[in-house]
Amino acid sequence: MRSKTWLLAFAFFLGMCREKESPREQALKIFDESMALHDEVMPLMDDLYTLEGKLKTLRDSLQLDSTVNATRIAIVVERLTSLRQASQHMMDWMHNIQDVPGSNDGDGRHHQHENHAVANSTDEEIIKVQQAQKSRIEKVRDEMIESIASTKEEINK
Amino acid sequence: MKLSFLNLLHGCPMLCFALVTTLSSCTSGEKPLPILGERKVVNGDTVYHSIAPFRFTDQDSVSVTSETFQNKIYVADFFFTSCRTICPIMKTQMLRVYEKTKDMPDVLILSHTIDPRHDTVALLRNFASRLGVESKRWHFVTGAKDSIYKIAQTSYFASALEDKDEPGGFIHSGAFLLIDKKGRIRGKYDGTQEPDVDRLMHDIERLRTE
């Protein structure tokens, strides 16, 4: 019984000694997770463009009888807009990326916007910025997948 | 009379030329590079897939067209300045190609942005100047998004799109394409892999001797 107590105390002590992840490390981890999401969906840019071409062809053929096909033309135009927006949002995300203060893009450049000033950022703020950035790329991913799926469905009708 | 081998060569220059030619082809021992893409036979002649005519604007606001690359060998790729993943690796590898070909006036580099909305001429100029490269040898071009994506898919990656087994995402795949003086694709390389880029640099030299 006594040895068990000692063992538990030792395990507790070890747990206390384990180095806790610093806020900067946490922020970098979130940044890396965002980039992994970006890498996962970036190849879909080709699909967006290919489907845009197919939709344009479909729209043009439907417009040969625009009165009869009015409803479907409206849907196709809507799908075209969503494909273009998804593609644009992906590039916007990349263009507006915010680094974790202290890190850079490998070329020594920092990408931080006015609302993410290094000097004034608390640890909490730095993590919040990265979480918001990750949440935005998750939305872009969902938008891309959704627009591709709904376009394919429309084309295959 | 005893006829030595040297006497024979001295007396017959044509034999000497034939011997040198044969020896040189034996030492290189390499076949010509393949011509990639679709081919058609028109009136008995084979017509190979080639890059469609284009017009873009480079980092100096100068129009860059198919004529710019007439009778030139060039390496083409697709990138965007805010890309943080594969593009920095591609850039390092393309710089190796740039350095390797600095004394080859017939070899150029053409990098297309796939994000023309953000990659303005000014941004491309800044990008090129940070790399310290000459615009007459390495053109960073922008243009209408539709034109860039269209030429990527229908000219540079046409063969890849036809191959259903190849994975998607050609435009952002990190590929370098070797184009010959007739605008034909002679090689496709992974611009993120040093050994593949070594192969590209070797193939440029092979292509120059064709």
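Read on for an overview of the structure. (Residues numbered from 1 in each chain as written. Chains lettered and ligands numbered in written order. Predicted model: local features only at pLDDT ≥ 70, side-chain atom pairs only at ≥ 80, totals over all residues. Heavy atoms only, no water.)

### Quick look at the pairing of strand 5 (residues 73-79) of chain B
All names here are of chain B.
In step 1: Burial of strand 5 is extensive: 7 of the 7 residues sit out of reach of the surface.
In step 2: By the alternation rule, side chains of strand 5 split into Ile73, Val75, Asp77 and Phe79 and Tyr74, Ala76 and Phe78, which are all buried.
In step 3: By the bridge criterion, 7 bridges tie strand 5 to strand 6 (residues 107-113) in an arrangement that is parallel. Bridge pairing in strand 6 places Asp77 opposite Ser111.
In step 4: This β-α-β element, strand 5 to helix 3 (residues 87-100) to strand 6, shows right-handed connectivity.
In step 5: Where strand 5 meets strand 8 (residues 175-179), 3 bridges bridge the pair, whose relative direction is antiparallel. (Buried < 20%, exposed > 50% of the residue type's maximum accessible area, 1.4 Å probe, protein only. Helix = DSSP H or I, 4+ residues; strand = E, 2+ residues; numbered from the N terminus. Pairing = 2+ DSSP bridges. Right-handed = clockwise from strand over helix to strand, strands pointing away.)

### Brief notes about the packing of aromatic side chains
Residues and elements named next belong to chain B.
In step 1: Counted under the stated rule, the structure contains 11 aromatic pairs over all chains.
In step 2: A ring pair is formed by Trp138 and Phe140, whose centres lie 4.9 Å apart and whose planes are at 20 degrees; its orientation type is stacked. An identical accessibility class is assigned to Trp138 and Phe140; each is buried.
In step 3: One aromatic cluster is present, built from ring pairs that chain together Phe79, Tyr98, Phe127, Trp138 and Phe140.
In step 4: When the ring centre of Tyr98 is taken as origin, the NZ or CZ atom of Arg137, which lies over that ring, is 3.9 Å away. (Phe/Tyr/Trp six-rings, centres within 6.5 Å; stacked < 30°, edge-to-face > 60°. Lys NZ or Arg CZ within 6 Å of the ring centre and 35° of its normal.)

### Describing the interface of chain A and chain B
In step 1: Contact residues are listed per partner, giving 24 residues for chain A and 22 residues for chain B.
In step 2: Sorting the residues of the side of chain A that touches chain B by element identifies helix 2 (23-41), helix 3 (44-62) and helix 4 (70-95) of chain A as the ones contributing at least two each.
In step 3: Counted by class, the side of chain A that touches chain B contains 9 nonpolar, 7 polar and 8 charged residues. (Contact = heavy atoms within 4.5 Å. Nonpolar A, V, L, I, M, F, W, Y, C, P; charged D, E, K, R; others polar.)

### Overview of the pattern of salt bridges
In step 1: All chains considered together, the criterion is met by 22 salt bridges over all chains.
In step 2: The closest approach of N and O atoms between Asp106 of chain B and Lys181 of chain B, which form a salt bridge, is 3.5 Å. Linking Asp106 of chain B in the loop between helix 3 and strand 6 with Lys181 of chain B in the loop between strand 8 and strand 9 (185-190), this pair joins segments that are 75 residues apart in sequence.
In step 3: In this structure Asp106 of chain B comes out as buried when scored by relative accessible area, which is 14%.
In step 4: On the accessibility criterion, Lys181 of chain B (37% relative accessible area) is partly exposed.
In step 5: Note that Asp203 of chain B is salt-bridged to Arg206 of chain B, the shortest N-O span being 3.3 Å. Of the two residues, Asp203 of chain B and Arg206 of chain B are both situated in helix 7 (residues 194-208); the distance of 3 residues between them amounts to about one turn of the helix.
In step 6: We classify Asp203 of chain B as buried; its relative accessible area is 4%.
In step 7: Several salt bridges converge on common partners, so that one network encompasses Glu52, Lys56 and Arg84 of chain A together with Asp146 of chain B. (Salt bridge = Lys/Arg side-chain N within 4 Å of Asp/Glu carboxyl O.)

### Describing the pairing of strand 6 of chain B
Residues and elements named next belong to chain B.
In step 1: Among the 7 residues of strand 6, 7 are classified as buried, and the element is accordingly described as predominantly covered.
In step 2: Here strand 6 shows two buried faces, one formed by Val107, Ile109, Ser111 and Thr113 and the other by Leu108, Leu110 and His112.
In step 3: Inspection of the sheet shows strand 6 paired to strand 7 (residues 138-141) by 4 bridges, in the parallel sense. Considered in strand 7, the bridge of Ser111 is made with Phe140.
In step 4: At this point the chain moves from strand 6, through helix 4 (residues 121-131), to the parallel strand 7, and the crossover so formed is right-handed.

### Here's the deal with the sheet that holds strand 9 of chain B
Residues and elements named next belong to chain B.
In step 1: Overall, mixed pairing links the 5 strands, which are arranged 7-6-5-8-9 in an open sheet. Looking at the sheet topology across the chains shown, the edges are occupied by strand 7 and strand 9. Here the average twist between neighbouring strands, direction ignored, is 20 degrees.
In step 2: By the bridge criterion, 5 bridges tie strand 8 to strand 9 in an arrangement that is antiparallel. Following the sheet pairing, Phe176 is matched in strand 9 by Tyr189.
In step 3: Strand contacts of helix 4: strand 5 and strand 7, with the helix running at about 150 degrees to strand 7, the strand carrying the most contacts.
In step 4: Helix-sheet contacts for helix 5 (residues 145-156) involve strand 5, strand 6, strand 8 and strand 9, and the interaxial angle to strand 5 is about 125 degrees. (Axes fitted to C-alpha atoms, helices over the stretch in contact; angles between N-to-C directions.)

### Brief notes about helix 2 of chain A
Residue and element names in this part refer to chain A.
In step 1: With 19 residues, helix 2 extends 28 Å from end C-alpha to end C-alpha; this agrees with the ideal 27 Å at 1.5 Å per step.
In step 2: Regarding helix 2, the residues found buried are Ala27, Ile30, Phe31, Ser34, Met35, Leu37, His38 and Val41. Projected onto a plane normal to the axis of helix 2, the buried residues spread over an arc of 155 degrees and lie on a single side.
In step 3: The elements touched by buried residues of helix 2 are helix 3, helix 4 and helix 5 (123-155). (Expected span 1.5 Å × (residues − 1). Arc of directions from axis to C-beta.)

### Some remarks on the side chain of Gln153 of chain B
In step 1: For Gln153 of chain B, the position within the fold is in helix 5.
In step 2: A distance of 3.4 Å separates the side chain of Gln153 of chain B from the backbone oxygen of Asp46 of chain A, its partner in a polar contact. (Polar contact = N/O pair within 3.5 Å; in protein donor to acceptor, adjacent residues only side chain to side chain.)

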